[in-house]
Amino acid sequence: MPSFVERLDAIDLATAAGFELPPVMIYGDDVTHVITEQGVANLLLCRSPKEREGTVRAIAGDTDFGRAQARDMSDNLRERRIVMRPSDLRIDAKDATRDLLSARTIDDLVVWSGGLYAPPLKFRTCR
């Protein structure tokens, strides 16, 4: 099931409810990086909203959203190191396992944030 979509349902909800902004968890301009199995999108280096979109499309993989990306734009973003594939980071996909992740659980994130990150209990392993 694709996890990238062209348009969020929250946009229609906001219009129908008369909200000024769609109800989403994170405001898009505050996102600095997006990481998928396809690579890392360093949104801080983008020069425009169109480039930010292209950067996310470049790591969206085999989804409708990702397939809409022009290859030359992805190549340009990769050359500028705005998009980095696992191989660019010297990660061999066959060696990539969960033990390479810094955080292995939601609880790790809570501890490392000093309690600033407080997810719902259903996502925690320690209760």
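Here the structure is a predicted model, which means the values were calculated and not measured.

What follows deals with the pattern of salt bridges. Under the counting rule described, the total for this entry stands at eight salt bridges. Residue Arg67 pairs with Asp62 through a salt bridge whose shortest N-O separation is 2.5 Å. Across the salt bridge formed by Asp88 and Arg78, the nearest N and O atoms sit 2.7 Å from each other. Taken together, the residues span a long stretch of sequence, with Asp88 in the loop between β3 (83-84) and α5 (106-112) and Arg78 in helix α4 (residues 71-79) at a distance of 10 residues.

This part covers the sheet that holds β3. The pairing of strands in a sheet happens through backbone hydrogen bonds and is either parallel or antiparallel. Ordered in space as β1-β2-β3, the three strands form an open sheet in which the pairing is antiparallel. Single-partner strands in this sheet number two, and they are β1 (33-36) and β3. Where strand β2 (residues 39-42) meets β3, two bridges bridge the pair, whose relative direction is antiparallel. Paired with Val40 across the bridge in β3 is Met84.

This paragraph deals with helix α2 (residues 49-58). Where burial is concerned, most of α2 is hidden: seven out of the 10 residues are buried. Along α2, the positions that sit buried rather than exposed are Glu51, Arg52, Gly54, Thr55, Val56, Arg57 and Ala58.

Turning our attention to the pairing of β1. The pairing of β1 with β2 spans four bridges and is antiparallel. When the bridges of β2 are listed, His33 appears paired with Asn42.

Attention now moves to the nonpolar core. Of all hydrophobic cores here, the largest spans 12 residues; its members are Phe4, Ala41, Leu43, Cys46, Val56, Ala58, Ile59, Ala60, Phe65, Leu77, Ile82 and Val83. When near neighbours in sequence (up to four residues on either side) are disregarded, Leu43 contacts Val31, Thr32, Val34, Arg52, Thr55 and Val56.

One can describe the packing of α2 onto α4 by two numbers: an axis separation of 10 Å at closest approach and a directional angle of 95°. Between α2 and α4, the crossing angle belongs to the class labelled roughly perpendicular. Mapping the contact onto sequence places Lys50, Glu51, Gly54, Thr55 and Ala58 in α2 and Met73, Ser74 and Leu77 in α4. The residue inventory of the contact of α2 with α4, partitioned by class, reads three nonpolar, three polar and two charged.

Rules of the game
Residues numbered from 1 in each chain as written. Predicted model: local features only at pLDDT ≥ 70, side-chain atom pairs only at ≥ 80, totals over all residues. Heavy atoms only, no water. Salt bridge = Lys/Arg side-chain N within 4 Å of Asp/Glu carboxyl O. Helix = DSSP H or I, 4+ residues; strand = E, 2+ residues; numbered from the N terminus. Pairing = 2+ DSSP bridges. Buried < 20%, exposed > 50% of the residue type's maximum accessible area, 1.4 Å probe, protein only. Core = buried A, V, L, I, M, F, W, Y, C linked by side-chain atoms within 4.5 Å. Contact = heavy atoms within 4.5 Å. Axes fitted to C-alpha atoms, helices over the stretch in contact; angles between N-to-C directions. Parallel < 35°, antiparallel > 145°, perpendicular 65-115°, else oblique. Nonpolar A, V, L, I, M, F, W, Y, C, P; charged D, E, K, R; others polar.

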